Amino acid sequence: MTQTATVTRRWRRFAWHYVEMVIAMFAGMFALGMLLSAVGLGFSHERQPELAYLLMAFDMSVGMVIWMRYRGHGWAATLEMCAAMFVPVVPFFPLLWLGLVDGGAVMTLAHVAMFPLMLAAMLWRRDEYAGCAA
């Protein structure tokens, strides 16, 4: 296999792994979100946006932890990916508390920010993600 083909293959693995992380994130968010809501443990995005976001970030993290550990990733990479679910909200909670944004805006802004943070976490360990078994 040529050097170019090897590099292309590694970047394809990397890109596919990013897609897997997004799928695992949404799977955790929907599955656990529905389960917790069904047993009455959900929070309102309008009345309790902080708790609603943190619980959603936890749900997304659970999905990603399960998938990453299944794929053989270490705890450091796994926890970095989970951090990408929680870190985006840090600058938005104070804006919420000051009344500059509402709970819906916090949810939207944090979700938009988490995708590039996931990518950054993966680029930080690109050899691990590009070399992960397909």
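Residues numbered from 1 in each chain as written. Predicted model: local features only at pLDDT ≥ 70, side-chain atom pairs only at ≥ 80, totals over all residues. Heavy atoms only, no water.

Novice: Requested: an account of the pattern of salt bridges, with residues and values cited.
Specialist: Taken as a whole and assessed by the stated rule, the structure comprises three salt bridges. D127 is the partner of R10 in a salt bridge, and the nearest nitrogen-oxygen pair spans 3.1 Å. Linking R10 in helix α1 (residues 3-38) with D127 in helix α6 (residues 126-130), this pair joins segments that are 117 residues apart in sequence. Given the relative accessible area of 57%, D127 is considered exposed. A salt bridge links E80 to R125, with the nearest nitrogen and oxygen atoms 2.7 Å apart. Of this pair, E80 sits in helix α3 (residues 75-86) while R125 is found in the loop between α5 (103-124) and α6, placing the two residues 45 residues apart along the sequence. (Salt bridge = Lys/Arg side-chain N within 4 Å of Asp/Glu carboxyl O. Helix = DSSP H or I, 4+ residues; strand = E, 2+ residues; numbered from the N terminus. Buried < 20%, exposed > 50% of the residue type's maximum accessible area, 1.4 Å probe, protein only.)

Novice: Describe the packing of α3 against α5, listing the residues and the values that go with them.
Specialist: Where α3 contacts α5, the axes come no closer than 8 Å and their chain directions differ by 160°. Judged on the interaxial angle alone, α5 and α3 are roughly antiparallel. For α3 against α5, the interelement crossing comes out right-handed. In this structure, α3 uses E80, M81, A84 and M85 to contact α5, whose residues at the interface are M114, L117, M118, A121, M122 and W124. Of the residues in the contact of α3 with α5, the class split is nine nonpolar, no polar and one charged. (Axes fitted to C-alpha atoms, helices over the stretch in contact; angles between N-to-C directions. Parallel < 35°, antiparallel > 145°, perpendicular 65-115°, else oblique. Left-handed = near helix turned anticlockwise from the far one by under 90°. Contact = heavy atoms within 4.5 Å. Nonpolar A, V, L, I, M, F, W, Y, C, P; charged D, E, K, R; others polar.)

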